[in-house]
Amino acid sequence: MKTLLVAVDNSAHARKVVSLAIEQAQAQQAGVVVVCCVDASYSAGNAPLEFTAGEDPADFALAQDEQNTAEAVVRQALAELQRAGVQARGRVVAGESAETIVAQADLLQAAMIIMGRRHLSPFNRLLKGSVSAAVIEHAHCPVLVDVRAD
């Protein structure tokens, strides 16, 4: 069975991306893996948490919030996919977004990556870079980018 990787985040645009993924999964009779990336500094992964004297406990609350939000985003996407009858599973993965999405697509041997675009201003695009552009540049499979504005 084909696998489609669907990259989501906590933006309002994620619902449109999931809707597009449903269309593609049904048309291609494919399964879906929903991926949400979190900043590696907010994830302990499987490593033990280490603490240093003087650390602010609030930093750990932010990390937990990041993990919880990512998990909720993936679960919401999975619920929508399930309601549409699409076989799906989800992952929260730590790392830089574009690199992580491409690596997950390679690992899963994805037939396609489906993602959105944030419509950043030229200044923010210069400052932050475009995740979708980086994925397109480095992916080894087709990338479908939903460019519809919110």
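A. The nonpolar core, seen in detail. Grouped together as the largest cluster of nonpolar side chains are 23 residues, with contacts concentrated most on Leu-4, Val-6, Val-8, Val-32, Val-34, Leu-81 and Ile-114. Among the elements of the structure, strand E1 (3-7), helix H1 (14-28), strand E2 (31-38), helix H2 (57-83) and strand E4 (112-116) are those that each provide at least two residues to this core. The element that contributes the greatest number of residues to this core is H1, accounting for seven residues. Residues in contact with Leu-81, not counting those within four places in the same chain, are Val-18, Ile-22, Val-32, Val-34, Val-86 and Ala-88. Among the nonpolar cores identified, the runner-up in size contains 18 residues, and Val-35, Ile-101, Ala-105 and Met-115 belong to it.

B. Examining unusual backbone geometry more closely. Backbone geometry at Gln-29 places phi at a positive 50 degrees, although glycine is not the residue there. As for its placement among the helices and strands, Gln-29 is situated in the loop between H1 and E2. A relative accessible area of 66% means that Gln-29 is categorised as exposed. For Gln-109, which is not a glycine, the phi torsion comes out positive at approximately 50 degrees. Examined against the element boundaries, Gln-109 turns out to sit in the loop between helix H3 (97-108) and E4.

C. Molecular detail of the pairing of E4. Extensive coverage of E4 is indicated by the burial of five of its five residues. Of the two faces of E4, the one carrying Met-112, Ile-114 and Gly-116 and the one carrying Ile-113 and Met-115 are both buried. Pairing analysis gives four bridges linking E4 to strand E5 (residues 143-146), with the strands arranged parallel. Paired with Ile-114 across the strands is Leu-144, a residue of E5.

Parameters at a glance
- Residues numbered from 1 in each chain as written.
- Predicted model: local features only at pLDDT ≥ 70, side-chain atom pairs only at ≥ 80, totals over all residues.
- Heavy atoms only, no water.
- Core = buried A, V, L, I, M, F, W, Y, C linked by side-chain atoms within 4.5 Å.
- Buried < 20%, exposed > 50% of the residue type's maximum accessible area, 1.4 Å probe, protein only.
- Helix = DSSP H or I, 4+ residues; strand = E, 2+ residues; numbered from the N terminus.
- Contact = heavy atoms within 4.5 Å.
- Pairing = 2+ DSSP bridges.

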